[in-house]
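# Architecture and fold: a report
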Amino acid sequence: MSKKIQAIRGMNDLLPAQSPLWQYFEDQVRDLMARYGYDEIRTPIVEQTALFKRSIGEVTDIVEKEMYTFEDRNGDSLTLRPEGTASCVRAALEHGLLHNQTQRLWYQGPMFRHERPQKGRYRQFHQIGVEAFGLEGPDIDAETILLSARLWQQLGLFEYVTLELNSLGSPEARAAYRDTLVSYFEAHHDVLDEDSRRRLTSNPLRILDSKNPDMAAMLADAPRLMDHLDAESKEHFERLCALLDAADIAYEINPRLVRGLDYYSRTVFEWTTTALGSQGTVCAGGRYDGLVEQLGGKPVPAVGFAMGIERLVLLLETLDLVPDEARGALDVYLLPMDEASTATALLLGERLRETLPELRAQLHCGGGSFKSRLKKADKSGARLALLLGEDELAEGSVTLKYLREEREQQRLRQEDLIAALTPLLEGESFA
Ligand code: ATP
Ligand code: MG
């Protein structure tokens, strides 16, 4: 036998047992986006490498060490997208979607980063993202946050996540703060780890984000960007806070929240949970007013966020918040007991599906002994088997066998079946 080829490390198959939960999650999102007036955009998963270098920033973790970059057959440098915002801006510019108009967009799909795979961190992972263009006030920041909050509510997650908020100010204010910060770090040079020393010249704000416990005390006393905001950003941030207060959305101001991508300005936020260990950020975003111009357009203010589907699905499972509808269980298993009943079972199935579009029914195929047929019915996970044999055929009846409850089986006329199944679909048990 030849050696089996395996999937690439950190890139997962989504198996049939998990897909109902993903579909449930995706359905909730799609529905939510429509309710807020956001339109879906789909972009290719491969882009020119320059797009990500120019937008995410040369000295970020993503661009420095996480991108899947390769040369195609023409010798062009291409990259599997590590995130969705850059592609979204590229597409919006390319198709003139940002000309004197606002856009509220969302996307979903796989992203690729060469990270160390672990629980909640993969090399191919999936994000759902939202981007709103052409609006500079804090009202749209508040709306995107409220939209995410509603999703947590719909999923039953709201009490398990915390909103962390910060403002990065204007590029000018940030540049001034950067100098202050570098002086502070230089005065504490002995405490800095290797990574931070390297970042001191390239990207000192990212040092604030360090999880190194040896640096924690020094970082806690570092000058805060929040205290160095320009007046306009400060006001913008205060208005956002007031809107969130009015909407009764609690938040924690985290002055060390800086985010890993260069393009952010003013508002940044993350939704975090303590239930997933160290991979606790389930959704993150902020404002990126400079990015459209940086990618060759006229200046257009923008705000957005992205959430990681794997982490949210994991969270639903960890907290036992997977509803029955997200388990994908069958309602009925149609079970002809012999060759002669097959056609009747097949047609009965079609009739049921026509009248009860919600019903999930699977037909037993492949014959087998009585015992093995029953075993398959049980293994199908259905609540109910509908048995059809010689007697049922003769009387035009069907036998209901309860597969998940201790209950006597029951024989009904076929024409009464619809009425008997209706309560099942409404989540009730049978009369
Ligand atoms: P982290 O700090 O966890 O590395 P990040 O700041 O790199 O996250 P973003 O680029 O803001 O993350 O992406 C938004 C969301 O996408 C994250 O909050 C997370 O839920 C998810 N995400 C990011 N990287 C991964 C990954 N490698 N595997 C799974 N999910 C991820
Ligand atoms: Mg990361």
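Residues numbered from 1 in each chain as written. Chains lettered and ligands numbered in written order. Predicted model: local features only at pLDDT ≥ 70, side-chain atom pairs only at ≥ 80, totals over all residues. Heavy atoms only, no water.

Selection criterion: UniProt positions are given in the numbering used here, feature names are shortened, and annotations may be inferred rather than shown by experiment.
As recorded in an unreviewed UniProt entry, the protein goes by Histidine--tRNA ligase and comes from Halomonas cerina. Turning to the protein, the UniProt annotation filed under Sequence similarities (unreviewed entry) states: "Belongs to the class-II aminoacyl-tRNA synthetase family." Turning to the protein, the UniProt annotation filed under Subcellular location (unreviewed entry) states: "Cytoplasm".

### Points about the side chain of Ser167
This is how it is decided: Each helix is a run of DSSP H or I of at least 4 residues and each strand a run of E of at least 2, with the numbering of both proceeding from the N terminus. Here a polar contact means two N or O atoms within 3.5 Å. Within protein one must be a hydrogen donor candidate and the other an acceptor candidate, and residues neighboring in sequence count only if both atoms are side-chain atoms. Contacts: residue pairs with any heavy atoms within 4.5 Å of one another.
With respect to the helices, strands and loops of the structure, Ser167 is situated in strand S7 (residues 162–167). Side-chain polar atoms of Ser167 contact the backbone nitrogen of Gly169, separated by 3.2 Å. With residues near it in sequence (within four places) discarded, Ser167 still touches Leu225, Met226, Leu229, Ser233, Phe237, Arg266 and Thr267.

### Thoughts on the UniProt feature "binding site: L-histidine" (unreviewed entry) in the protein
Formally: A 1.4 Å probe that fits but cannot get out identifies a cavity on a 1 Å grid over protein atoms alone, an open set with protein on both sides within 12 Å along at least five of seven lines counts as a pocket, and a residue lines either if it has an atom within 4 Å of a point. Each residue is placed in one exposure class: buried if its accessible area under a 1.4 Å probe, protein chains only, is under 20% of its type's maximum, exposed if it is over 50%, and partly exposed if it falls in between.
Mapped onto the present numbering, the UniProt feature "binding site: L-histidine" (unreviewed entry) falls on Glu83, Gly84, Thr85, Arg113, Gln127, Glu131, Arg259, Tyr263 and Tyr264. Those annotated residues that line the second largest pocket are Arg259, Tyr263 and Tyr264. Residue position: Gln127 is located in strand S6 (residues 124–133). With a relative accessible area of 9%, Gln127 lands in the buried category. Excluding anything up to four places from it in sequence, Gln127 contacts Glu83, Gly84, Tyr107, Gln108, Gly109, Met111, Arg113, Ala306, Met307 and Ile309. Within the secondary structure, Glu131 is located in strand S6. Not counting chain neighbours up to four residues away, the residues in contact with Glu131 comprise Tyr38, Gly84, Thr85, Cys88, Gln103, Arg104, Leu105, Tyr107, Tyr288, Val303, Gly304 and Phe305.

### Concerning helix H15 (residues 417–425)
Keep this limit in mind: The directions considered for the arc run from the helix axis to the C-beta atoms.
Buried within H15 are the following residues: Leu417, Ala420, Leu421, Pro423 and Leu424. Down the axis of H15, the sector holding all buried residues measures 150°, keeping them to one side. In this structure, the buried side of H15 is in contact with strand S12 (332–336), helix H12 (342–355), strand S14 (384–388), strand S15 (397–402) and strand S16 (410–413).

### So, the site of ligand 1
Note the cut-off: Here a residue is near a molecule or strand as soon as one of its heavy atoms is found within 4 Å of it. Computed with a 1.4 Å probe, the accessible areas rest on the Shrake-Rupley method; for each residue, only the protein chains presented here act as cover.
Residues in close proximity to ligand 1 total 15 residues, the closest being Arg113, Glu115, Arg121, Tyr122 and Arg259. Measuring from an oxygen atom of ligand 1, one finds a side-chain N or O atom of Arg113 at 2.7 Å. Within the side chain of Arg311, one N or O atom sits 3.1 Å away from an oxygen atom of ligand 1. When isolated, ligand 1 has an accessible area of 590 Å², and the protein chains bury 87% of it. For the shell around ligand 1, the elements supplying multiple residues, two or more each, are S6, strand S10 (281–287) and strand S11 (302–308). A total of four residues in the shell around ligand 1 trace back to one element, the largest contributor, which is S10.

### Let's talk about the packing of helix H1 (residues 19–35) against helix H11 (residues 309–318)
What counts is decided by this rule: The convention used is that axes are lines fitted to C-alpha atoms, helices contributing only their stretch in contact, and that angles between N-to-C directions extend from 0 to 180 degrees. Should an angle fall under 35 degrees it is called roughly parallel, over 145 degrees roughly antiparallel, and 65 to 115 degrees roughly perpendicular, with every other angle called oblique. Handedness of a crossing follows from how the near helix is turned relative to the far one, being left-handed for an anticlockwise turn of less than a right angle and right-handed for a clockwise one.
The interhelical angle for the contact between H1 and H11, taken along N-to-C directions, is 110°, at an axis separation of 11 Å. Accordingly, the angle class assigned to the pair H1 and H11 is roughly perpendicular. Like other packed secondary-structure pairs, H1 and H11 cross with a definite hand, here right-handed. Between H1 and H11, the contacting residues are Leu21, Trp22, Tyr24, Phe25 and Glu26 on the first element and Ile309, Glu310, Leu312, Val313, Leu316 and Glu317 on the second.

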